[in-house]
Structures are given as C-alpha cells and as structure tokens.
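If you want the building blocks of each chain, they are given just below.
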Amino acid sequence: MTELIRIDGRGVETLRPITFERGVSRYAEGSALVRWGNTHVLCTASVDEKVPPFMRGSGSGWITAEYSMLPRATHQRSPRDISRGKQNARGSEIQRLIGRSLRAAVDMTKLGERTVTIDCDVLQADGGTRTASITAGFIALFDALRWLRANERIAAIPMKNQIAAVSVGKVAGTPMLDLCYEEDSTAEVDANLVMTGSGDFIELQGTGEGGTFSYSELAQIIDLGWSGISEIHQKQREILALSEEERELFEKCR
C-alpha cells in the first residue's frame, strides 16, 4: 500500500511546525504568539481584580475568553464584528470553547475573586485557529498566574491541569492529524480534541461533514489526537522554561 502524502508533504500522524513566543505584549500579564503552520494567533491574558456578578462573594475566581479574526486573516477580507453590530455565531462558539477549556486548567478557589480574560486574535488563518488559541492561551494564562504569584496576589500557582488542543479529520477516507485549511475544507469528518496532561478529555467534538465515521475510525481519531497533544504538551513545557518547582507542579498534572 502506498503511503499517503498530504498536500504539504506530511504523514498522517505529523503535526505542522509549531513555534511559540512568550511576552509579546508589553502590557498584558501574560501573552503568547503561536505560529502553527500558516495559522498565527496572538493570545493575551489580562487580570482584573473582580469577578462577574454571579460569582461575587463565592471566594472563587473566573477565566473567560474572547476570540476574533483580523479582517485579512483569510483569503478575503471579512468585516469586523463592530461594523456588523454583533459578534458572528462562529466566533461566539469558539470563545466559549476556549473559556471552558482553560477554566479546567485552574483551581478557581485558589485564584481568589479575580478574573483572567484570554484574548485570542487570529492574525492569519489556515485551519485549527480554535485549537491554536486554546494551546497558546494556556501559555499566556500560566504566565499570568506567575505574575499574580510574583506580585503576592496568590500564595502559589493554582494550576491543576495542563491544557492543549489539536484537530483531527478524515480526509479522502483516511484519519489524519492537524488539518490545514485545504484538508479541513474537504474533510468528511472534522474533530477537535482538548485534553489534559494526564490524557483526560475536556472536550471532544466530532462531526460528519458529508460523511460518517465508524467506531474504529473514532479510536484512530482519538489515538492521533493524543499523540499530537502529547507532543504539544512537551513544546508548551519547553517554551515556559519551567523552574524546578514548576516542573514538579506539571508532573502532578500528568
């Protein structure tokens, strides 16, 4: 059987090249720019010393997210949300996904009554913008938690899970990891996996886009996703340049 060669020359189990840059925003408490193939996303983490009204008096903190794409992040210019007078449904769904994914990273009772907002701005889109936002958003969030500790707002970094995400799809009958736009636009099945360092799921989205998938193909999708996320977790730990204490914290999350 001839090995399938993808549009960009990768094998079915290979991630696109991923690089992270931290501290790209002068003013944010945490920030990260991810270049994931030709998808580039800037994530900033901002700390606010208050929580939403429904959480006041609870003693717990909150993590939320906002997501948007620059007008020329794609092949054709798209209008900004402000010019339409409302956020588009896709962006609203994605930012809810980012928020609930990153809330799983933190013990809110130890965060205190404060909010960390993760802003994810897509500079260039070529598939996987939501998974890139979650993955880089975790790096920005962790640096914001470091900032809180360094400024004596919290006693210890309240991380309980390392979080990363990746896409998997079935294209031309074959499950494959980390779809670029051309693959995603023709996929029979599209899936997004958000997982912890121990391999637990936070979210598993799988949809037939003009096709179906079997139990065995679902198992392949999960295996491909976990292999990719394990590699991404390692890249996160490397770019964060963890101290010995922080490495022990990450080990407890595995």
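- Named according to an unreviewed UniProt entry, the protein is Ribonuclease PH originating from Cloacibacillus porcorum.
- Within the UniProt record for the protein, the comment given under Catalytic activity (unreviewed entry) is "tRNA(n+1) + phosphate = tRNA(n) + a ribonucleoside 5'-diphosphate".
- In its Subunit (unreviewed entry) section, the UniProt record describing the protein reads: "Homohexameric ring arranged as a trimer of dimers."

### Let's talk about the overall build of the protein
Line of reasoning, step 1. A count of helical and extended segments in the protein gives seven helices and nine strands.
Line of reasoning, step 2. Relative to the globule expectation of 18 Å for 254 residues, the C-alpha radius of gyration of the protein, 18 Å, shows essentially globular dimensions.
Line of reasoning, step 3. Projecting the C-alpha coordinates of the protein onto the three principal axes gives extents of approximately 60 × 45 × 30 Å.
Line of reasoning, step 4. The buried share of the protein, reckoned over its 254 residues, is 48%.
Line of reasoning, step 5. Taking the contacts inside the protein whose residues are at least 6 apart along the sequence as the reference set, 71% of them involve residues at least 24 apart.
Line of reasoning, step 6. For the protein, the computed accessible surface area is about 12,300 Å², with 49% contributed by carbon and sulfur atoms.
Line of reasoning, step 7. Separation between the mean location of the 30 positive side-chain charges and that of the 35 negative ones in the protein comes to 6 Å.

### A closer look at the sheet that holds strand S1 (residues 18–22)
Two strands in a sheet stick together by hydrogen bonds in their backbones, pointing the same way (parallel) or opposite ways (antiparallel).
Line of reasoning, step 1. As summarised here, the arrangement of the five strands in space is S1-S2-S3-S5-S4, forming an open sheet in which the pairing is mixed. In this open sheet, the two edge strands, each paired with only one partner strand, are S1 and strand S4 (62–69). Each strand axis lies, on average, 15° off the axis of its neighbour in the sheet, ignoring direction.
Line of reasoning, step 2. As judged from the eight bridges shared by S4 and strand S5 (residues 115–124), these two strands associate in the parallel manner. When the sheet's bridge partners are listed, Tyr 67 is paired in S5 with Cys 120.
Line of reasoning, step 3. Its contacts with the sheet put helix H4 (residues 129–150) on S1, strand S2 (30–36), strand S3 (39–48), S4 and S5, and the angle it makes with S3 is roughly 35°.

### Overview of the sheet that holds strand S6 (residues 163–171)
Line of reasoning, step 1. The strand order S7-S6-S8-S9 describes an open sheet built from four strands, whose pairing is antiparallel. Sheet topology places strand S7 (174–177) and strand S9 (201–208) at the edges, where each strand pairs with a single neighbour. Direction aside, the axes of adjacent strands within the sheet are offset by 15° on average.
Line of reasoning, step 2. Bridging between strand S8 (residues 189–196) and S9 involves seven bridges; their strand directions are antiparallel. If you follow Val 194 over to S9, its bridge partner there is Glu 203.
Line of reasoning, step 3. Strands S6, S8 and S9 of the sheet are contacted by H4, whose axis makes an angle of about 165° with S6.
Line of reasoning, step 4. The sheet contacts of helix H6 (residues 215–240) involve S6, S7, S8 and S9, and relative to S6 the element is tilted by about 145°.

### What about H4?
Line of reasoning, step 1. A rise of 1.5 Å per residue sets the reference length of H4, with its 22 residues, at 32 Å; its end C-alpha atoms lie 31 Å apart and thus fit the reference within 8%.
Line of reasoning, step 2. Where burial is concerned, most of H4 is hidden: 19 out of the 22 residues are buried.
Line of reasoning, step 3. Glu 152 sits one or two residues past H4 and shows a positive phi near 60°.

### Things to note about the environment of Ser 46
Line of reasoning, step 1. The topology assignment puts Ser 46 in strand S3.
Line of reasoning, step 2. With 18 residues separating them in the primary sequence, Ser 46 and Ala 28 have C-alpha atoms 5.6 Å apart.
Line of reasoning, step 3. Ignoring any residue separated from it by four or fewer positions in sequence, one finds Ser 46 in contact with Glu 29, Thr 115, Val 116, Thr 117 and Asp 119.

### What about the side chain of Asp 190?
Line of reasoning, step 1. Within the element layout of this structure, Asp 190 appears in strand S8.
Line of reasoning, step 2. Within the buried set, Asp 190 has no salt-bridge partner at all; the shortest N-O distance to an opposite charge, 6.4 Å, is to Arg 130.
Line of reasoning, step 3. Beyond its immediate stretch of four places on either side in the chain, Asp 190 contacts Val 168, Leu 179, Asp 184, Gln 205, Gly 206, Thr 207 and Glu 209.

### What about the pattern of salt bridges?
Line of reasoning, step 1. Counted by the stated rule, this structure contains 19 salt bridges.
Line of reasoning, step 2. Across the salt bridge formed by Asp 126 and Arg 16, the nearest N and O atoms sit 4.0 Å from each other. Residue Asp 126 is found in the loop between S5 and H4, and its partner Arg 16 is found in the segment before S1; the two are separated by 110 residues along the sequence.
Line of reasoning, step 3. Between Asp 107 and Lys 110 there is a salt bridge whose closest N-O contact spans 4.0 Å.

Thresholds applied
Residues numbered from 1 in each chain as written. Predicted model: local features only at pLDDT ≥ 70, side-chain atom pairs only at ≥ 80, totals over all residues. Heavy atoms only, no water. UniProt positions renumbered as here; feature names shortened; annotations may be inferred. Helix = DSSP H or I, 4+ residues; strand = E, 2+ residues; numbered from the N terminus. Rg over C-alpha atoms; globule rule 2.2 N^0.38 Å. Buried < 20%, exposed > 50% of the residue type's maximum accessible area, 1.4 Å probe, protein only. Contact = heavy atoms within 4.5 Å. Areas by Shrake-Rupley, 256 points an atom, 1.4 Å probe, with all protein chains shown as cover. Lys, Arg positive; Asp, Glu negative; His and termini not counted. Charge placed at Lys NZ, Arg CZ, Asp CG, Glu CD. Pairing = 2+ DSSP bridges. Axes fitted to C-alpha atoms, helices over the stretch in contact; angles between N-to-C directions. Expected span 1.5 Å × (residues − 1). Salt bridge = Lys/Arg side-chain N within 4 Å of Asp/Glu carboxyl O.

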